[in-house]
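Reading the structure
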Amino acid sequence: MDKLPPYFESPPVNLPRLARWKPKHGMAPIALMLCLISVASLLLSLSQLALLGKQSVQLPLHAEQILQRCNMLHAKPGPPSDFHQRTTSDRFVEGTPATLIRNASIWTGDQEITQGDILLDKGIIRFVGHASPSMFNKFKDLVTWDAGGSWVTPGIVDLHSHLGVDSAPTLNGADDGNSWKGPILPWLRSLDGLNTHDDAYRLSISGGVTTANVLPGSANAIGGQAFVIKLRPTAERSPSSMLLEPPYTLNGTHVDPTLPPRWRQMKHACGENPSRVYGNTRMDTFWAFRQAYDTARQIKEQQDAYCTRALAGEWEDLGEFPENLQWEALVDVLRGRVKIHTHCYEAVDLDDFVRLTNEFRFPIAAFHHAHETYLVPGILKQAYGHAPAAALFATNARYKREAYRGSEFAPRILAENGIDVVMKSDHPVLNSRFLLYEAQQAYMYGLPANLALAAVTSTPARVMGQDHRIGFVREGYDADLVVWDSHPLALGTTPQQVWIDGIPQLSEPAIAFKPASFQQVPRTPNFDLEAAAAIKYEGLPPLMPKKAKDLVVFANINSMFIPDGMGSVMSVADIGEGSVVALRKGVIRCWGAAAACASEFASEDAEWIDLEGGSIAPGLISYGSPLGLEEIQGESSTHDGTVFDPLTGSIPTVLAGSELIKASDGLQFYGRDTLLAYRAGVTTGVTAPSSNGLIAGLSTAFNTGAAHRLENGAVVQDVAALHVQIGHSNQGPSVSTQIAALRNILLGDKSSTMFAEVAKGAIPLVVQVQNADIIASLIELKKEIHTRTGTNIQLTISGAVEAHLLAKELGEAGVGVILTPSRPFPDNWESKRILPGPPLTNESAITTLLAHGVTVGIGIVEQWSARHTRFDVAWAALESFDRISKEQALALASVNLEKLLGVKPSGGLGDMVATRGGTVLDSEAKVVGIISSRRGIVDLI
């Protein structure tokens, strides 16, 4: 806030309104009754004071304040009864003009959708409905914004964020997410570490995020108090000025004691994190919880006993009100005044925590991450008070054991069981700029559209106790709105403008044109069988595909894309609506009209698959993560492991002088992330050995659908490229030392090793690097090698977040780029200078590099996201202002990666992907088949 929050009580402007949008006043009679009870109790107590005065009892100096405090001891949080009568927000900035948004398609925060206009004035929404021009003549300097039918929603609300305490870029001086002083720390406050210079605020706003609940980290069982903030910059430039409804007493300020208290927020965590940090078991963690709550309960009981005597006029030897600054927040939990946000994954931890709530009688606002809640919704319903919400990732799972059974169908299953669903970012674990993408995925996998949108707006607002002012487009609510360039559940939707407290946040936004179809609620594939299997198999349903017959006919195909044999992807001209493709043992024998291909299947029992207007496209490639070398990130026993680094330690004698480490020797097939990628159209994984140093080793290309490496076609290419990584490290040598070592290796090795093959230009050298200055040095190194040897090495830059700064130079030098991830984030100092793309910039890194003739591919960082490759390339095209065609988008994750990583085309058309209901680039489409001429099969999904 910009100042302390008085609640204005002047009458509202008399404007026409639609009755169905009239704010609810369910709290008013409750608040009135509370005030009457307080007054009556106070009068009774004061009469007792007078009586006691006659008996010469020494009264406390602040007896009246004590009685007021005791009378409010059990008051529940909420807004004042006259809150929606306010005409000015406590966060209003003087000089902000009124804004009229006209001709909008409005999603109000619940199931109501309509066309209309919205007036923003003095930081609040003053009118929602159908306006006539004469209504607003009284507003001076009224800004009119014609939405042109575009969708308007409430601002995105992130229930789980570490904005400002886990800042971007990551620097030691701004690492304030976790304290390591003990497992129970309810007295700590995220506000005290909130960094106002986090680069991510601006990025998150550009994704429509207006409000975030900033939680402490999950290292501790009780990590401390969380605070809700608005993301916009303030004139004060202070953390306190960003707060939304903090406790009245935050800075020792006391207001009208008859006002109900405001909601507080607190972070708890169970399971692996606190156990790992403190070397504890789950038994230790929950004993720590019980000890802490027992301490708080004792203080609460002392306070209740104290107030019982005070309100009865028994002042003799009463003493001071019993309180303890360390434990006061946990006492408030037991009084039902704190929203508890609990990081909790597994059934064992969920059950433990639910028992804790019933033992000490306090409610939970939400279980966060909550990967197994969909398997045990009944446990949630046993929690004290009410069932908590589940705050989920859409598909981020399997990164540690307790997340291994996570399912993309959790949101729909929980909603079907009556549990509130929230989609959250855990920023910067996921970049909250793309929090809406989590809701889009939840919708695609079966969460109803209204609940998917509510999951990032009205539901988190209600869960954090702020639904009286944010999360809805209603009169009297905060003027936090987003106008989108397409339907908010359409892939790649981007804000045209974002208002926070009525203030527009995007200066000259870059708005890409989207197809008219993107203005409608997208269709979704049918995943009913998969959702049922997730429950039946307790989160681990079988993922291996079914083998089709030798002769397969895909019918009702509307489009087909194939490699053109010259390093690009082309659209097949003679495939049109209703076409067929006939295959025998994975090899396409005919395509076109059914009559033209009849001879291929007339005499045999063919397996027909109706694609319902679908498509066939090249199989996609995933690169950048340890896909195929690692099953569970947090469990080292599931990894291939890391290679030795010659720059930081000695190489074991048994390896001295040997060839480089080959990733193919450590391949693990049949992994869940690998098979999920296969089922999403990623047919090939390219992975290099894991390394913490300069030299990683030799990458391999493998088939993601194979059961083991001895299966035909399982290893696509034993050796693809040589991989090294250069960057700053607290443990490794300097960047200049790393480049000098690479120079000496490439120029000094005259043997037949793979280094020599790189120096001869026979295989690519792939360098993982983010920083533009280091990339410039590598361009110079490439030139130096050419000058001294005459060889033009194949150099590929991977990571490459700052590569756009050298697009011209990279194009001239013939250096290719793999952007990992495809949508950038300034995670560390070396990747600080990102090109964010729309709506902040017209250009993205991909379009900039392509414009300068650079061969570009895209990659990922963590293997769980390999399944999203199809959407990553589609997103690149959608925000390119039509500079990237469908064919070019497909090339970003197929033929371009083959070239950049040294994967030789297999001949023919290679692996292909069949999708039902659209192309592989469409969220409406479902992958139903994988065609592999290399393996001689068609797999059905």
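That block above? That's the structure.
Residues numbered from 1 in each chain as written. Predicted model: local features only at pLDDT ≥ 70, side-chain atom pairs only at ≥ 80, totals over all residues. Heavy atoms only, no water.

1. Thoughts on unusual backbone geometry
- The linkage connecting His427 with the following residue, Pro428, adopts the cis geometry, with an omega of 10°.
- Tracing the backbone shows Pro428 in the loop between strand S13 (421-423) and helix H10 (435-444).
- For the bond running from Pro838 to Pro839, omega is 10°, close enough to zero to count as cis.
- Of note, Pro839 is situated in the loop between strand S31 (816-819) and helix H20 (845-851).
- Of note in the backbone geometry, Glu538 takes a positive phi value of approximately 50° without being a glycine.
- Within the fold, Glu538 resides in the loop between helix H13 (528-536) and strand S17 (546-547).
- Here Tyr670, not a glycine, exhibits a phi torsion of approximately 70°, which is positive.
- If you trace the backbone, Tyr670 turns up in the loop between strand S23 (620-623) and helix H15 (672-679). (Helix = DSSP H or I, 4+ residues; strand = E, 2+ residues; numbered from the N terminus.)

2. With respect to the packing of aromatic side chains
- The final tally for this structure, using the stated rule, is 21 aromatic pairs.
- Between Tyr345 and Tyr399, the ring centres sit 6.2 Å apart and the planes meet at 75°, which makes this aromatic pair edge-to-face. Of the two residues, Tyr345 is situated in the loop between strand S10 (338-344) and helix H7 (347-360) and Tyr399 in the loop between strand S12 (389-392) and helix H9 (410-416); the sequence distance between them amounts to 54 residues. With respect to class, Tyr345 is no different from Tyr399; both count as buried.
- Ring centres of Phe393 and Tyr399 lie 6.5 Å apart, and the angle between their planes is 75°; this geometry places the pair in the edge-to-face category. There is no split in this pair, since Phe393 and Tyr399 are both buried. (Phe/Tyr/Trp six-rings, centres within 6.5 Å; stacked < 30°, edge-to-face > 60°. Buried < 20%, exposed > 50% of the residue type's maximum accessible area, 1.4 Å probe, protein only.)

3. Side note on empty space enclosed by the protein
- Overall, the coordinates contain 11 cavities of 30 Å³ or more when judged by the stated rule.
- Contributing to the lining of the largest cavity are 15 residues, with Arg433, Phe434, Thr493, Thr494 and Trp875 lying nearest its centre.
- For the lining of the largest cavity, the class distribution of residues is eight nonpolar, five polar and two charged. (1 Å grid on protein atoms, 1.4 Å probe; cavity = no way out; pocket = protein on both sides within 12 Å on 5 of 7 lines; lining within 4 Å. Points joined across faces, edges and corners; volume = space filled by probe spheres on them. Nonpolar A, V, L, I, M, F, W, Y, C, P; charged D, E, K, R; others polar.)

4. As for the nonpolar core
- Among the nonpolar cores identified, the biggest contains 177 residues, and Tyr293, Leu765, Leu778, Ile797 and Leu810 are the most heavily contacted of them.
- Sequence-distant contacts of Ile797, that is, excluding residues within four places in its chain, are made with Val767, Val769, Ile775, Leu778, Leu810, Val815, Gly816, Val817 and Ile818.
- Ranked by size, the runner-up nonpolar core spans 20 residues in total, among them Ala548, Ile575, Ile588 and Val938. (Core = buried A, V, L, I, M, F, W, Y, C linked by side-chain atoms within 4.5 Å. Contact = heavy atoms within 4.5 Å.)

5. Examining the sheet that holds S12
- Strands sit in the order S6-S7-S8-S9-S10-S11-S12-S13 across an open sheet of eight strands; the sheet is mixed. The two strands at the open ends of the sheet, each matched to only one other strand, are strand S6 (156-161) and S13. Shown here is a sheet whose adjacent strand axes are inclined to one another by a mean of 25°, direction ignored.
- As defined by bridge partners, strand S8 (residues 222-230) adjoins strand S9 (residues 264-269) across four bridges and the pair is classed as antiparallel. Across the sheet, Ile222 pairs through a bridge with His268, a residue of S9. (Pairing = 2+ DSSP bridges. Axes fitted to C-alpha atoms, helices over the stretch in contact; angles between N-to-C directions.)

6. Brief notes about the side chain of Thr820
- Along the chain, Thr820 falls in the loop between S31 and H20.
- You can call Thr820 buried: its relative accessible area is 3%.
- Here Gly799 takes part through its backbone nitrogen, which lies 3.1 Å from a polar atom of the side chain of Thr820.
- Apart from residues no more than four positions distant in its own chain, Thr820 is found in contact with Tyr623, Gln768, Gln770, Ser798, Gly799, Gly859, Ile860 and Val861. (Polar contact = N/O pair within 3.5 Å; in protein donor to acceptor, adjacent residues only side chain to side chain.)

7. Things to note about the state of the cysteines
- Enumeration according to the criterion identifies three disulfides in this entry.
- A sulfur-sulfur separation of 2.3 Å characterises the disulfide bridge that pairs Cys270 with Cys344. Remark: Cys344 occurs in strand S10 and Cys270 occurs in the loop between S9 and helix H4 (272-278); sequence separation between them is 74 residues.
- The buried category is assigned to Cys270, whose relative accessible area is 0%.
- On the basis of relative accessibility, which here comes to 0%, the residue Cys344 falls in the buried class.
- Through a disulfide, Cys590 is tied to Cys597; the S-S separation comes to 1.9 Å. (Disulfide = S-S within 2.5 Å.)

8. Considerations on the environment of Lys230
- The residue Lys230 is located in strand S8 in this model.
- The exposure class assigned to Lys230 is buried, which follows from its relative accessible area of 0%.
- Distance from Lys230 to Tyr201, taken between C-alpha atoms, is 9.7 Å for residues 29 residues apart in sequence.
- Non-local contacts of Lys230, meaning those with residues more than four positions away in its chain, are made with Arg91, Thr210, Thr211, Met242, Leu244, Ile470, Asp478, Asp480, Ile500 and Asp501.
- Only 2.9 Å separates the side chain of Lys230 from the side chain of Asp480, close enough to count as a polar contact.

9. Here we look at the pairing of strand S30 (residues 795-799)
- Across the five residues of S30, five count as buried, placing the element largely inside the fold.
- One ladder, built from five bridges, connects strand S29 (residues 765-769) with S30; its direction is parallel. The residue bridging Val767 from the neighbouring strand is Ile797, located in S30.
- Where the polypeptide runs from S29 across helix H18 (residues 772-789) and back to S30, its parallel neighbour, the crossover connection is right-handed.
- In the sheet, S30 pairs with S31 via four bridges, with the strands oriented parallel. Residue pairing in the sheet places Ser798 in a bridge with Ile818 of S31.
- Handedness of the S30-helix H19 (residues 807-813)-S31 crossover: right-handed. (Right-handed = clockwise from strand over helix to strand, strands pointing away.)

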